[in-house]
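Notes for the structure review
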Amino acid sequence: MKKSIFSKLLLMNIAVVTAALLVIALLLPQFISGFIFTQKERELTAKGKELARLTQSYYEGRISDENFLELLLSLDQFLEARIWLVNRDGVVIKASYGEPPFRRGPQLRLSEEHLKRLSSGESVVVRHYLTHFKEVMLSVGVPIMAGYNAEPVGAIFLHAPVTEITATVNNLVKFVLLSGLAAVCLASLIGYIFSRRLSRPLQEMTEAARRMGQGEYTSRIKINSEDELGQLAFSLNYLAGRLEKTITALQREKRNFESMVTGMLEGVIGINSAGELIYVNAAAKEMLQLDDTAVSRHIGRALPTEQFAAPFLKTLAGGRPETGSVEFNGNHYSVHVSPVEDETGSSPGAVGLIQDVSETARLEAMRREFIANVSHELRTPLTILGGYSEALLDGTADSTQKTRFLKIIRAEIERLDRLITDLLDLSRLQARRIELHKKEFDFKKLALELKTRLMPRLELKRIDLVVDVAPKLKLWGDRDRIMQVLLNLVENAIRHSPEDETINLLAQLTEEQKVEVSIQDRGPGMAAEDLPHIWERFYRVDKSRDRRQGGTGLGLAITREIIEAHDGTVSVQSIPGKGSRFSFTLPLP
């Protein structure tokens, strides 16, 4: 279990105070004992010297024996020390506690050194055990100098019990130790408060740093001081603010990037240096039929075909952009892969763009087909024109043949003119460069006018055009362009209808409040697979038929463009062998 800085600081403070107390507890008794003994020795020595001068007067007879004993007793009580008057032989002749209870008195056993010092007039201090007192005593001896030559005639000894001094020392040490223990408690309390005040900001900073590590940059540390901790808190608050701004900006850029990439129609795939998928946008998932489990898998196993993975693997291996073309599920895809470089110049991965070029490929195929169809449609009449012109120039044709040849040439020129006109018309319609002159018109009147214009062709094949339109039905649009639509559809019906049949032109109101116009024939009909393509340019259901049977192959494409320009729709239903029904819708006025 990790210790907090609070507990460390508190334990350190307690340890320092305790160590100091232990040192004091070990050294203080010796120091106090030595100090007290020294003071006691000095006190006893000073009093002993004073008493020695008085004793000298006693020897000289100036102090009576009774007064001298009272003096000794008073000093005994004052100094708490037993006083002996010792002669030159070491025999106690007077004692502070009265006459000695022995005739000759006890004798002091001093070392030669101490006796020598007394004989020379110096004081001595001895700590020894005295049998008379049955305890260890601190004895101070002061020589008594008397006579003309001031020679030592004896000595005054003051005996202080060591036990009393030791008791005093012990009491003092105990007091000091108790005071030290109280100081430890007080220091611990102060250390607790100080450690708490010091550790609380650090804990707040730690919590703030932890929250920043979890992505929360809005919290701030309260600054209560201007010391180093306050400066550190200010720095952390500044760091949190800068990180908040930076992360917010990065997140905003990330959201913008993800929104942009997610909304792209092209597929985007990112891989790391190990070839593992790290990003796939929605378009790529839909194109390649991937799910969320594809992320973090190797690209060779995640993508549906090796052709998709090959450009990515080549880019990782060579560090160069690669491209590829893949056909998958009937669609054509273009793959462009580029390496991603970091600031060191190394490549931590690659990013690829997958485009669905199926529509482009289809349009390219249509373009090629259109060019081929136009070339074919132009080459056929030009060949005819060239052949008949050459025959006329050779002069081999008689007058009847010349007339027939000229009629054929004129017919082909007219067909070329119609073809070019239709091509230009379709191009302008698709480019929306034709202005429609929309107005309200009577549709039944327009339908009857159409029947009149087509009557020669109808009579030629004995086809009856039945017009079923409500009287006074009004439509909104370009009358001439709607007539062009009707001509294209009805002529197409006449062209594919057998003789002695009926074509129906019907107009009715739909639920969407639009008018639906239908042209129903009873021709050979069309297969279902041909229906989506009949509105394309030059599309032929029966490939064996040629254009000399009528039409330029652009009528239905022009029809669709005109109706869509009127915000309408076109449709077709057909049953092989039973006929076809072409319909379009137009808005009401």
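Above this text is the structure in question.
All of the points below concern the structure found in this document. (Residues numbered from 1 in each chain as written. Predicted model: local features only at pLDDT ≥ 70, side-chain atom pairs only at ≥ 80, totals over all residues. Heavy atoms only, no water.)

1. A few points about the nonpolar core
Ranked by internal contacts, the top residues of the largest apolar core, which has 40 residues, are Phe443, Leu486, Leu505, Val517, Ile519 and Phe584. Of all elements in the fold, only helix 11 (443-453), helix 13 (479-496), strand 14 (502-509), strand 15 (514-520), helix 14 (555-565) and strand 17 (579-587) reach the threshold of two or more residues within this core. Per element, the largest residue contribution to this core is 9 residues, and it comes from helix 13. Among the nonpolar cores identified, the runner-up in size contains 26 residues, and Ile32, Leu44, Val142 and Val173 belong to it. (Core = buried A, V, L, I, M, F, W, Y, C linked by side-chain atoms within 4.5 Å. Buried < 20%, exposed > 50% of the residue type's maximum accessible area, 1.4 Å probe, protein only. Helix = DSSP H or I, 4+ residues; strand = E, 2+ residues; numbered from the N terminus.)

2. What about the environment of Leu406?
Within the fold, Leu406 resides in helix 10 (residues 399-430). Given a relative accessible area of 49%, Leu406 falls into the partly exposed group. Placed 21 residues apart in sequence, Leu406 and Leu385 show a C-alpha to C-alpha distance of 9.4 Å.

3. A word on the pattern of salt bridges
This structure, assessed with the given rule, holds 5 salt bridges. With a shortest N-O distance of 3.9 Å, Asp442 and Lys474 are connected by a salt bridge. In this pair, Asp442 sits in strand 11 (residues 438-442) while Lys474 sits in strand 13 (residues 474-478), placing the two residues 32 residues apart along the sequence. When its relative accessible area of 21% is taken as the criterion, Asp442 is described as partly exposed. Lys474 sits in the partly exposed class, given a relative accessible area of 33%. For Arg457, the salt bridge identified is with Glu491, shortest N-O distance 3.7 Å. (Salt bridge = Lys/Arg side-chain N within 4 Å of Asp/Glu carboxyl O.)

4. What to know about the environment of Val326
By secondary structure assignment, the location of Val326 is in strand 8 (residues 322-328). Residue Val326 is classed as buried on the basis of its relative accessible area, which comes to 4%. Sequence separation between Val326 and Phe308 is 18 residues; the distance between their C-alpha atoms is 6.7 Å. Excluding residues that lie within four positions of it along the chain, Val326 makes contacts with Thr305, Gln307, Phe308, Asn331, His332, Tyr333 and Val335. (Contact = heavy atoms within 4.5 Å.)

5. What about the side chain of His566?
Among the structural elements, His566 can be located in the loop between helix 14 and strand 16 (570-575). Among the polar contacts listed, one links the side chain of His566 to the backbone oxygen of Ile562, at a separation of 2.8 Å. Beyond its immediate chain neighbours, meaning those up to four positions away, His566 contacts Leu436, Lys438, Trp476, Gly477, Asp478, Arg481, Ile482, Leu586 and Pro587. (Polar contact = N/O pair within 3.5 Å; in protein donor to acceptor, adjacent residues only side chain to side chain.)

6. Concerning empty space enclosed by the protein
Inspection of the entire model under this criterion finds 2 cavities of 30 Å³ or more. Looking at the second largest cavity, its volume works out to about 30 Å³. The wall of the second largest cavity is formed by Ala208, Met212, Ser219, Ile221, Leu236, Asn237 and Ala240. Elements supplying a minimum of two residues to the lining of the second largest cavity: helix 4 (162-213) and helix 5 (228-262). Here the lining of the second largest cavity takes 3 residues from helix 5, the largest share from any one element. (1 Å grid on protein atoms, 1.4 Å probe; cavity = no way out; pocket = protein on both sides within 12 Å on 5 of 7 lines; lining within 4 Å. Points joined across faces, edges and corners; volume = space filled by probe spheres on them.)

7. Some details on helix 2 (residues 65-79)
The terminal C-alpha atoms of helix 2, which comprises 15 residues, lie 21 Å apart, in line with the 21 Å expected from a rise of 1.5 Å per residue. Listed as buried for helix 2 are Phe68, Leu72, Leu75, Asp76 and Leu79. Down the axis of helix 2, the buried side of the element spans an arc of 110 degrees, and every buried residue falls inside it. What points out from helix 2, more than 90 degrees from its buried face, is the exposed set Glu66, Gln77 and Phe78. Glu80 sits one or two positions beyond helix 2 and adopts a positive phi of about 55 degrees. (Expected span 1.5 Å × (residues − 1). Arc of directions from axis to C-beta.)

8. Some words on the packing of helix 13 against helix 14
Packing of helix 13 against helix 14 brings their axes to within 9 Å, and their N-to-C directions diverge by 145 degrees. As helix 13 packs across helix 14, the resulting crossing turns out to be left-handed. Together, Arg481, Ile482, Gln484, Val485, Asn488 and Leu489 of helix 13 and Gly555, Leu556, Ile558, Thr559, Ile562 and Ile563 of helix 14 make up the contact between the two elements. Counted by class, the contact of helix 13 with helix 14 contains 7 nonpolar, 4 polar and 1 charged residues. (Axes fitted to C-alpha atoms, helices over the stretch in contact; angles between N-to-C directions. Left-handed = near helix turned anticlockwise from the far one by under 90°. Nonpolar A, V, L, I, M, F, W, Y, C, P; charged D, E, K, R; others polar.)

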